[in-house]
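Structural characterization, general
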Amino acid sequence: MNPPKNVALVVGANGIAGLNLIAHLETLEGWEVIGLSRRGGEARERVRFISVDLLDAEDSRRKLGGLTQVTHIFYAAYQDRPTPVELVAPNVAMLVNVVNAVEPIAKGLQHISLMQGYKVYGAHLGPFKTPARETDAHHMPPEFNVEQQDFLERLQKGKAWTWSAIRPSVVVGYAMGTPMNAALAIGIYASMSKELGLPLRFPGPPAAYDILLDVTDARLLARATFWAATNPKSANQAFNINNGDQFRWSEMWPKIARMFDMEVAPPLPLSLVDVMADKGPLWDTMVAKHGLARNAYADINPWRHAHGVFSTNFDFLADTTKARRFGFQEHIESEVMFREIFADYRRLKVIP
């Protein structure tokens with residue numbers, strides 16, 4: 001039997017982007033996957049995992065120094081920090097440590113994919129130009145996404161491999177054990193509200209209820225990331241990737257409530273970090289009552305990220321026509337995405 005033609009190194013394998021990318025690569029013939037994360041993972045037929053501390057250059061060289069067959073690096077790792085200044089050092093260091101360990105020895109390297117986001121446009125700082133486009137000027141540094149891309153661009157000059165930068169909106173999809181998961185936050189928040197006999201209230205300020213926004217299905221993101229990494233026309237380009245539609249929470253929230261057979265009530269600003277902190281006993285009761293998978297409540301902590309998503313009180317969207325011009329035509333209606341993702345969580349006994 002011939003060996004796989006391509007070996008994908010997925011960095012940040014247990015995050016929402018990395019997890020869904022691996023799931024997509026597993027459906028493709030001719031691909032072997034190596035997943036990197038601090039926690040490792042469970043090996044499968046064409047997927048193995050390496051537990052590595054990417055902040056440690058020596059550990060990275062020691063653990064990754066034998067990966068000579070890697071053809072594609074998909075970088076989707078992220079370390080959260082309280083401020084933009086503090087985000088730079090760890091997130092740049094992790095990318096540098098991976099690339100410096102693998103790029104010199106992987107003689108068949110074809111592509112390095114960099115997962116970014118709307119932070120490139122200053123979305124985390126406040127109201128930004130919308131719809132954001134890949135040609136928009138950068139904002140005043142520090143910005144780790146820009147420094148990561150600058151590193152790849154400098155290193156790539158004169159090399160045979162190429163790079164791409166993928167810029168999703170808020171990523172929505174199935175993943176456990178990751179703090180950046182708005183779908184899981186909605187699913188648990190809605191399920192707990194229902195368990196307590198409460199209507200489903202949008203937990204952000206009224207202004208946030210009426211902004212115009214887009215989101216990115218994690219499954220669609222995986223396919224777009226793969227497309228950009230394997231389409232020669234996309235070499236050395238950045239692409240915004242979202243579902244292709246826009247909505248307001250004031251329109252979507254009642255639809256989500258119906259997905260849980262709940263009534264909807266007017267928004268009430270809540271700090272999800274605070275109000276969900278004491279819900280461990282309620283979660284344990286729900287797990288026993290509904291026969292849910294035994295996910296420890298302490299390991300389910302998407303509240304800080306979700307609070308940021310639901311507190312955004314300015315339009316949050318980007319133009320994706322560049323990706324379409326270059327050949328990526330896929331899209332999904334966001335209402336359908338939410339319905340399918342909640343169905344996945346129910347099927348896997350994550351929520352009732």
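Data block above holds the structure.
Turning to the overall build of the protein chain, a few remarks are in order. Check the secondary structure of the protein chain and you find 13 helices and eleven strands. In terms of overall size, the protein chain behaves like a compact globule, its C-alpha atoms giving a radius of gyration of 20 Å where 352 residues would be expected to give roughly 20 Å. For the protein chain, the C-alpha atoms occupy an extent of roughly 60 × 45 × 35 Å along the three principal directions. Looking at the protein chain as a whole, 54% of its 352 residues are labelled buried. Pairs at least 24 apart in sequence give 78% of the contacts found in the protein chain among residues at least 6 apart. Just so you have it, the protein chain exposes about 15,500 Å², and 54% of that area is on carbon and sulfur atoms.

Before going further, it helps to examine the pairing of strand 1 (residues 6-11). Across the six residues that make up strand 1, a large majority, six, are buried. Taking every second residue as pointing to the same face, both faces of strand 1 are buried, with Asn6, Ala8 and Val10 on one and Val7, Leu9 and Val11 on the other. For strand 1 and strand 2 (residues 31-37), the ladder comprises six bridges, and the chain directions are parallel. From the neighbouring strand, Asn6 faces strand 2, where its bridge partner is Trp31. At this point the chain moves from strand 1, through helix 1 (residues 16-25), to the parallel strand 2, and the crossover so formed is right-handed. In this structure, strand 1 lies alongside strand 4 (residues 72-75), joined through four bridges in parallel fashion. Residue pairing in the sheet places Ala8 in a bridge with His72 of strand 4.

Counting across every chain of the model gives 17 salt bridges. Among the ionic pairs, Lys159 bridges to Glu103, the shortest N-O distance being 3.0 Å. Separated by 56 residues along the polypeptide, Lys159 in the loop between helix 4 (144-156) and strand 6 (162-168) and Glu103 in the loop between helix 3 (84-102) and strand 5 (111-115) bring together distant segments of the chain. Arg347 is the partner of Asp344 in a salt bridge, and the nearest nitrogen-oxygen pair spans 3.3 Å. Here Asp344 and its partner Arg347 are both found in helix 13 (residues 334-347), three residues apart, which amounts to about one turn of the helix. Among the charged side chains, a salt-bridge network with shared partners connects Glu58, Asp59, Arg61, Arg62 and Lys63.

Across the junction of Thr130 and Pro131, the peptide omega takes the value -10°, indicating a cis bond. Within the fold, Pro131 resides in the loop between strand 5 and helix 4. The residue after Pro141, namely Pro142, is reached through a cis peptide bond having omega 15°. Mapping Pro142 onto the fold places it in the loop between strand 5 and helix 4. A positive phi is found at Asn236, a non-glycine position, where the angle reads about 60°.

Moving on to the packing of aromatic side chains. Throughout the structure, instances matching the rule amount to 23 aromatic pairs. When the centroid spacing of 5.8 Å and the interplanar angle of 40° are considered together, the rings of Tyr78 and Phe144 count as tilted. With a gap of 66 residues between them, Tyr78 in the loop between strand 4 and helix 3 and Phe144 in helix 4 connect regions that are remote in the sequence. Tyr78 sits in the partly exposed class, given a relative accessible area of 28%. Residue classification places Phe144 among the buried positions, given a relative accessible area of 6%.

Position of Ile22 among the secondary structure elements: in helix 1. Judged by relative accessible area, Ile22 falls into the buried class, the value being 2%. Expressed as a C-alpha distance, the spacing of Ile22 and Lys107, which sit 85 residues apart in the sequence, is 23 Å. Sequence-distant contacts of Ile22, defined by excluding residues within four places in its chain, comprise Val10, Ala13, Val33, Arg44, Val47 and Phe49.

This brings us to the sheet that holds strand 5. Strand-to-strand pairing in sheets goes through backbone hydrogen bonds, with the strands running parallel or antiparallel. If you walk across this open sheet you meet the seven strands as 3-2-1-4-5-6-10, and the pairing is parallel. The open sheet has two edge strands, strand 3 (47-51) and strand 10 (237-241), and neither has a second partner. With strand direction ignored, the average angle separating the axes of adjacent strands in the sheet is 20°. For strand 4 and strand 5, the ladder comprises four bridges, and the chain directions are parallel. Its bridge partner being in strand 5, Phe74 is matched across the sheet by Ser113. Against the sheet, helix 3 contacts strand 1, strand 2, strand 4 and strand 5, and its axis sits at roughly 170° relative to strand 4.

The rules behind each value
Residues numbered from 1 in each chain as written. Predicted model: local features only at pLDDT ≥ 70, side-chain atom pairs only at ≥ 80, totals over all residues. Heavy atoms only, no water. Helix = DSSP H or I, 4+ residues; strand = E, 2+ residues; numbered from the N terminus. Rg over C-alpha atoms; globule rule 2.2 N^0.38 Å. Buried < 20%, exposed > 50% of the residue type's maximum accessible area, 1.4 Å probe, protein only. Contact = heavy atoms within 4.5 Å. Areas by Shrake-Rupley, 256 points an atom, 1.4 Å probe, with all protein chains shown as cover. Pairing = 2+ DSSP bridges. Right-handed = clockwise from strand over helix to strand, strands pointing away. Salt bridge = Lys/Arg side-chain N within 4 Å of Asp/Glu carboxyl O. Phe/Tyr/Trp six-rings, centres within 6.5 Å; stacked < 30°, edge-to-face > 60°. Axes fitted to C-alpha atoms, helices over the stretch in contact; angles between N-to-C directions.

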